[in-house]
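Now for the letters of each chain:
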Amino acid sequence: MVSTTPDPHQAVDGRPAARPDGPVRIEAHGIDLVPDAERRGRPRELFSVWAAANVNYLSLVIGGALVLMGLSLWQAVAVIVVGNLFWLLTGLLAISGPAAGAPSEVITRAVYGIRGNRVNNAVTGWLISVCYFALNLAAAATAAFALVEKAGITANTGVKAAVVVVVAALTLTISVYGHALIVRLYLPITLALTAVFAVVGVAVVDHADFGYTPAAPLTGTDLWATVLAGVTLTASGPLSYTTSADFSRYLPRTASAKAIAGWTACGAFLPSVVVCSLGALAATAVDMTDPQSALAGILPGWFEPVFLLALVLGTVAINALTAYSAGLALQAVGLHVRRTVSVLADGAVAVALTLYALLVSDFLDTVSDVLQLTVVLLGPAMAVYAADILLRRNRYDGHALTDETPAGPFWYTAGVNWPGALALAAGVTVSALSVNTLYTGPIATALHGVDTALPAGVAVSALTYAALMRRSPTVRAARSDD
């Protein structure tokens, strides 16, 4: 397959290219190819997109949870740094967006085939995105409930349901307007959240015990088991973004791949490490089983409403990205609906799941369980995608990727690329056998409870894919295209 360069003045079907989307216009594109004439922006814009999405309540919860798991402060900080290094993979995946002019949901047709990718998008794209949407929406709603109570309104079931719907509506408005609005909004959101969390940081540092160690420090196998579980919990954030090309695909195809990867990874890594570390520091001074109430006890009284608003804003920012990608995933499954419709459908499902999480189940337990279990699937999925980018040297033919017919190069065998499917299955299987969270897999049992699901799943899936795809005609063609 020889990569083609599209006419910058024409869309995929030969019609004149549409006027580029603006922040006050609903984005016209879904999973279709973005013509060169509509490419815009610079890689550095990605920093604020990812930074705004990672100054959030969930990061505080994760940081506090690491100390609650029995780690000392500095052990928790080390785990936070290592777990967040997986944002480097998110940055790597982002470089495929400008190369193809398409979102991740389409680029992965090269990995799984046209039909196989529909299944991939249904599970790793749509289902897991909606679950994350619901978890983050629950976090935002919890902070919003406290604001409602401060306003003198009792947060009964009806009020809680209304608050969830309002927060979801704000989130979905950003997602529906799409890429241009996200890029425009997220810089001021980043600045506002940074200012708020700077105040939080001062209060937390003032109360924190920098020499904190648990009463019964973990040692030996118990320590390693907890460290690996903590890394998995922390890494669940970056691993959930196998869709980072969605937000880079409007950049010109000539944009620096290193800059795209760097700004994406740094934009997410730096705030994630800082906010997670604040959660760990806070856990040395207050009970982080209820982070919101605990932090309210050490913040100035006048600042608490500002902090609660920041929690809502940060979670709206991360959820707008999640809903945006979930909408693209629903289109890529094969549903012929406009992106706006698919985003709203995702929102409706997420609201239902959120109400269940808030009114029926325990939120903190749900967060921990879901984040750790999704790594069983998301780690291998991200590794296979990253391996494909490296094998092809990031050379993707956007026009060929939009060809869903049996004559297209990515139809493979009956619409499925079996090396991709087998590599993912192998990674997920090994990961599932190695997990120790809601259940203990046989490999984890043999290792005395040490959970190696993340490294095992990533390594097996990537190596299997590389071995099976090295001689693929589409990979050979991409590598030989100079």
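Reading the values: rules and limits
Residues numbered from 1 in each chain as written. Predicted model: local features only at pLDDT ≥ 70, side-chain atom pairs only at ≥ 80, totals over all residues. Heavy atoms only, no water. Helix = DSSP H or I, 4+ residues; strand = E, 2+ residues; numbered from the N terminus. Rg over C-alpha atoms; globule rule 2.2 N^0.38 Å. Buried < 20%, exposed > 50% of the residue type's maximum accessible area, 1.4 Å probe, protein only. Areas by Shrake-Rupley, 256 points an atom, 1.4 Å probe, with all protein chains shown as cover. Lys, Arg positive; Asp, Glu negative; His and termini not counted. Charge placed at Lys NZ, Arg CZ, Asp CG, Glu CD. Axes fitted to C-alpha atoms, helices over the stretch in contact; angles between N-to-C directions. Parallel < 35°, antiparallel > 145°, perpendicular 65-115°, else oblique. Left-handed = near helix turned anticlockwise from the far one by under 90°. Contact = heavy atoms within 4.5 Å. Nonpolar A, V, L, I, M, F, W, Y, C, P; charged D, E, K, R; others polar. Core = buried A, V, L, I, M, F, W, Y, C linked by side-chain atoms within 4.5 Å. Patch = residues over 30% accessible without salt bridge, like charges linked within 9 Å, V, L, I, M, F, W, Y side chains within 5 Å. Salt bridge = Lys/Arg side-chain N within 4 Å of Asp/Glu carboxyl O. Expected span 1.5 Å × (residues − 1). Polar contact = N/O pair within 3.5 Å; in protein donor to acceptor, adjacent residues only side chain to side chain.

Student: Honestly, the overall build of the protein chain in this entry has me stumped. Any pointers?
Tutor: A tally of regular secondary structure across the protein chain gives 21 helices and zero strands. For the protein chain, whose C-alpha radius of gyration is 22 Å, the value lies close to the compact-globule estimate of 23 Å for 482 residues. Here the C-alpha coordinates of the protein chain stretch approximately 65 × 55 × 40 Å along the principal axes. Looking at the 482 residues of the protein chain, the share that counts as buried comes to 57%. Surface accessibility of the protein chain: about 18300 Å² in total, with carbon and sulfur atoms responsible for 67%. Computed over 25 positive and 28 negative side-chain charges, the inter-centroid distance for the protein chain is 12 Å.

Student: Help me understand the packing of helix H14 (residues 304-332) against helix H15 (residues 339-359), please; the structure alone is not making it clear to me.
Tutor: For any two helices packed against each other, the geometry is given by the interaxial angle and the distance between the axes. At a minimum axis separation of 8 Å, H14 and H15 run at an interaxial angle of 115 degrees. Looking at the two axes, H14 sits roughly perpendicular to H15. In this structure, H14 crosses over H15, and the sense of that crossing is right-handed. Within the contact between the two elements, H14 uses Ala 323, Tyr 324, Ala 326, Gly 327, Leu 328, Leu 330 and Gln 331 and H15 uses Arg 339, Ser 342, Val 343, Ala 345 and Asp 346. Looking at the contact of H14 with H15, its residues break down into seven nonpolar, three polar and two charged.

Student: Would you mind going over the nonpolar core with me for this structure?
Tutor: Across soluble globular proteins, nonpolar side chains show a tendency to be buried alongside one another. Trp 50, Tyr 186, Phe 307 and Leu 321 are the most contacted members of the largest nonpolar core, which has 140 residues in total. Sort the elements by how many residues they give to this core and helix H8 (residues 114-150) lands first, with 15 residues. What Tyr 186 contacts, discounting residues up to four positions off in sequence, is Ser 48, Val 49, Ala 52, Ile 174, Val 316, Ala 317, Ala 320 and Leu 321.

Student: Whenever I open this one, a nonpolar patch on the surface confuses me. Can you help?
Tutor: A surface patch of nonpolar side chains, amounting to about 320 Å² of accessible area, comprises Val 81, Val 82, Leu 85 and Leu 88. Looking at the secondary structure, you find Val 82 in helix H3 (residues 73-84).

Student: How should the packing of helix H1 (residues 45-52) against helix H12 (residues 257-283) be read in this particular structure?
Tutor: It is the contact of H1 with H12, at a shortest axis distance of 7 Å, that shows an interaxial angle of 30 degrees. The angle between H1 and H12 falls in the class roughly parallel. Where H1 crosses over H12, the two elements pack in a sense that is right-handed. Of H12, the residues touching H1 (which contributes Leu 46, Phe 47, Trp 50 and Ala 51) are Ile 260, Trp 263, Thr 264, Cys 266, Gly 267, Ala 268, Leu 270 and Pro 271. Of the residues contributing to the contact of H1 with H12, the split by class is 10 nonpolar, two polar and no charged.

Student: What's the story with helix H9 (residues 157-177) in this structure? I'm lost.
Tutor: It helps to recall that an α-helix has 3.6 residues per turn; residues three or four apart then point in one direction. For H9, built from 21 residues, the straight-helix expectation of 30 Å at 1.5 Å per residue is met to within 8% by its first-to-last C-alpha distance of 31 Å. Of the residues making up H9, those classed as buried are Val 159, Val 163, Val 164, Val 167, Ala 168, Thr 171, Leu 172, Ile 174, Ser 175 and Val 176. Next to the buried residues of H9 lie H8, helix H10 (179-207), H14 and H15. Where H9 starts, the residue carrying a side-chain oxygen 3.2 Å from the main-chain nitrogen of Gly 158 turns out to be Asn 156. Within two residues after H9, Gly 178 carries a phi angle of roughly 90 degrees, on the positive side.

Student: What should I look at first to understand the environment of Gly 70 in this one?
Tutor: On the secondary structure map, Gly 70 appears in the loop between helix H2 (57-68) and H3. For Gly 70, a relative accessible area of 16% translates into the label buried. Distance from Gly 70 to Leu 223, taken between C-alpha atoms, is 8.5 Å for residues 153 residues apart in sequence. Residues within four places of Gly 70 in sequence aside, it is in contact with Pro 214 and Leu 218.

Student: What is the right way to read the side chain of Thr 190 from this model?
Tutor: Assignment of secondary structure puts Thr 190 in helix H10. A polar atom in the side chain of Thr 190 sits 3.1 Å from the backbone oxygen of Ser 48. Leaving out residues up to four positions away in the same chain, Thr 190 has contacts with Ser 48, Ala 51 and Ala 52.

Student: What exactly am I supposed to notice about the pattern of salt bridges here?
Tutor: Opposite charge on two side chains allows them to pair when their charged atoms are near. The tally for this structure, following the rule as stated, stands at eight salt bridges. Notably, a salt bridge pairs Asp 36 with Arg 39, separated by 4.0 Å at the nearest N-O pair. Note on Arg 39: relative accessible area 10%, which makes it buried. Residues joined by salt bridges that share partners form a network here, namely Glu 27, Arg 249 and Arg 339.

Student: How should I be thinking about unusual backbone geometry in this particular structure?
Tutor: Glycine aside, the phi torsion of most residues is negative, and most peptide linkages are trans. A positive phi is found at Asn 394, a non-glycine position, where the angle reads about 55 degrees. Here Asn 394 shows up in the loop between helix H16 (363-391) and helix H17 (398-401). One non-glycine residue, Ala 414, adopts positive backbone phi at about 55 degrees. With respect to the helices and strands, Ala 414 occurs in the loop between H17 and helix H18 (418-434).

Student: Help me understand a positive patch on the surface in this model?
Tutor: Residues Arg 393, Arg 470, Arg 471, Arg 476 and Arg 479 make up a contiguous surface patch of positive charge. Structurally, the position occupied by Arg 393 is in the loop between H16 and H17. Judged by its relative accessible area of 45%, Arg 393 is partly exposed.

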